[in-house]
Protein chains: 2
Amino acid sequence: MATVIDGRLLAKKLNESTKEEVTIMNSKSIVPCLAVIIVGEDQASKRYVRSKHKKAEQLGIKSIVKALPEETTEKELLSVLDEYNHNDSINAILIQSPLPKHINEKFVMGHINPQKDVDGFQTINSGKLFLNENENYPVACTPKGIMKMLEEYNIELLGKKAVVIGRSTIVGRPMAALLINAGAEVSVINHYANVNDYTKDADIIVSATGELHTVTKKDVKSGATVIDVGQNLNEDGKLVGDVDYDDVSQVAGYITPVPGGVGPMTISTLMSQTVELTKWSEKHNE
Amino acid sequence: MATVIDGRLLAKKLNESTKEEVTIMNSKSIVPCLAVIIVGEDQASKRYVRSKHKKAEQLGIKSIVKALPEETTEKELLSVLDEYNHNDSINAILIQSPLPKHINEKFVMGHINPQKDVDGFQTINSGKLFLNENENYPVACTPKGIMKMLEEYNIELLGKKAVVIGRSTIVGRPMAALLINAGAEVSVINHYANVNDYTKDADIIVSATGELHTVTKKDVKSGATVIDVGQNLNEDGKLVGDVDYDDVSQVAGYITPVPGGVGPMTISTLMSQTVELTKWSEKHNE
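Residues numbered from 1 in each chain as written. Chains lettered and ligands numbered in written order. Predicted model: local features only at pLDDT ≥ 70, side-chain atom pairs only at ≥ 80, totals over all residues. Heavy atoms only, no water.

Caption draft 1: Geometry of the sheet that holds strand β4 (residues 92-95) of chain A. Residue and element names in this part refer to chain A. One open sheet holds the three strands; their spatial order is β3-β2-β4, and the pairing between them is parallel. A strand with exactly one partner marks an edge of an open sheet, and here the two such strands are β3 (62-68) and β4. The sheet shows a mean angle of 15° between the axes of neighbouring strands, direction not considered. As paired strands, strand β2 (residues 33-39) and β4 are joined by four bridges and run parallel to one another. Across the sheet, Leu34 pairs through a bridge with Ala92, a residue of β4. Those strands touched by helix α2 (residues 43-58) are β2, β3 and β4, and its axis lies near 160° from that of β3. The strands touched by helix α3 (residues 74-86) within the sheet are β2, β3 and β4, with β2 carrying the most contacts at an inclination of about 180°. (Pairing = 2+ DSSP bridges. Helix = DSSP H or I, 4+ residues; strand = E, 2+ residues; numbered from the N terminus. Axes fitted to C-alpha atoms, helices over the stretch in contact; angles between N-to-C directions. Contact = heavy atoms within 4.5 Å.)

Okay, here's the thing in structure tokens:
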């Protein structure tokens with residue numbers, strides 16, 4: 001049976017280390033600050049923003065939540081963003097997706113100051129990642145959190161066979177880049193590929209397709225590490241991942257559960273990256 | 001026997017179409033201009049620069065070659081670059097590598113105006129490629145030329161298995177990104193990987209390792225497309241690629257020779273990208 005990679009435990013550990021760092025920063029009168037902008041009344045988005053706010057406060061990070069009404073124009077939103085971009089007391093900015101349809105989300109997102117880009121989505125930060133020069137630059141939180149999980153469980157990457165299923169700019173592509181930078185042999189495949197062709201010999205499988213049963217028992221070799229980024233509702237309305245967890249657990253060496261795997265690490269990584277952005281900006285201003 | 005992908009013929013065709021475009025631009029009083037900066041006396045570099053200069057002139061592109069002495073300081077080089085960066089009559093800038101050891105090559109290269117980055121190496125342009133938003137942005141010339149070759153021979157990419165051997169920022173990584181953006185299933189592997197594991201079922205193999213015999217006959221399935229980026233000297237001092245050409249030709253569907261394959265396309269792509277940069281800058285200034 002696979003060792004379960006306990007995302008909640010790792011997230012707790014990461015939060016504790018973040019909190020310690022923040023305490024030291026506070027003693028030097030530095031208060032990391034995360035600003036989250038949310039537009040409209042999407043209930044899931046409001047829930048996410050509340051949980052980020054709560055987590056930040058728990059860790060001693062100052063949290064600003066700017067809730068704008070549904071009818072906010074793109075110009076008004078850009079003006080708020082511009083103020084935050086230039087406000088030296090704000091270290092990290094996040095615009096909660098999705099934005100209302102009358103706003104060009106990509107255009108607005110593209111205006112976040114890259115030095116405050118806590119989501120790691122800006123072009124310049126993606127370029128740094130692609131070129132393996134991302135040491136002091138933010139990276140998308142989900143794949144960054146996954147790298148931390150692999151590290152905590154001492155899962156070797158150098159020269160290992162890794163497969164990333166899904167090629168989104170938020171998960172798949174940055175995940176692949178991080179694995180390439182770590183020296184793994186990396187296959188990046190579409191969700192409609194013949195998954196088994198790639199995964200059957202893989203040491204590490206990361207599934208981010210949002211499709212039930214993307215990875216089944218026959219797709220996993222004995223002892224492989226299986227990371228499940230999916231958050232899907234199954235036939236019974238239960239939250240599950242892309243991976244057939246019960247079956248795959250019998251053959252995998254390590255596996256992340258859903259819930260309690262990648263999810264908790266993403267928000268903890270968001271917090272630790274807020275602190276990193278604060279440190280980097282202090283460094284840049286020295 | 002494989003169909004030989006004739007790089008010289010394709011380069012000639014691309015040059016002709018570039019020349020036609022330049023003629024039309026000239027009739028509107030637009031003259032694309034490529035500036036090449038070379039520092040020191042490296043003979044191979046001087047030869048490359050001369051051939052770029054000659055090709056540009058043939059196509060009606062204005063070519064400026066700035067040859068600086070070996071003892072040029074980093075500051076002096078940056079000052080020349082800065083002038084070119086701001087000179088509106090220069091559309092494309094290339095700094096010939098390698099630079100003398102007393103100059104931080106990476107630092108200097110990083111100062112090229114991204115809008116004139118004909119090599120496509122700047123962080124912002126790499127980010128655009130990584131995010132599949134590179135439509136009006138420059139891309140590294142060797143992989144861009146290879147995509148053109150695949151297109152000219154109608155080699156399908158969507159859903160096909162591609163393997164890129166070598167992960168440099170100049171060839172391997174941008175090649176992988178272009179193939180991912182085209183919808184291929186892409187494996188990016190180190191030169192020390194077990195190549196056969198990946199290539200034996202691949203539809204497209206791109207080798208950019210600089211190692212003789214990287215791809216042998218047993219590594220290639222019948223009908224596959226084999227692209228050879230290598231430029232190596234063999235035991236007899238003859239220029240050859242990474243691929244065992246004679247053997248592999250017997251099983252591959254398409255193959256690029258060395259010399260006469262990828263090489264000629266790279267310089268033609270440099271010229272066509274100079275013209276594209278000129279068009280994009282005209283567009284940005286509208």
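Caption draft 2: Quick peek at the domain arrangement of chain A. Per the domain assignment, the segments of chain A are domain 1 (29-116) and domain 2 (141-263). Taking only C-alpha atoms, the centre of domain 1 of chain A and the centre of domain 2 of chain A are 30 Å apart. (Domains from an automatic or database assignment.)

Caption draft 3: Main features of the interface of chain B and chain A. Facing 33 residues of chain B, the contacting portion of chain A comprises 33 residues. Taking both sides of the interface into account, the surface hidden between chain B and chain A amounts to around 2900 Å²; carbon and sulfur atoms contribute 55%. Linking chain B with chain A are four salt bridges, by the criterion used here. For the salt bridge of Asp197 of chain A with Lys161 of chain B, the shortest nitrogen-to-oxygen distance reads 2.9 Å. Summed over the shared surface of chain B and chain A, the number is 19 residue pairs in polar contact (both at pLDDT 80 or more). Elements with a minimum of two residues in the side of chain B that touches chain A: α5 (123-130), α7 (172-181), β6 (185-189) and α8 (195-199) of chain B. (Buried area = accessible area lost by both parts, 1.4 Å probe. Salt bridge = Lys/Arg side-chain N within 4 Å of Asp/Glu carboxyl O. Polar contact = N/O pair within 3.5 Å; in protein donor to acceptor, adjacent residues only side chain to side chain.)

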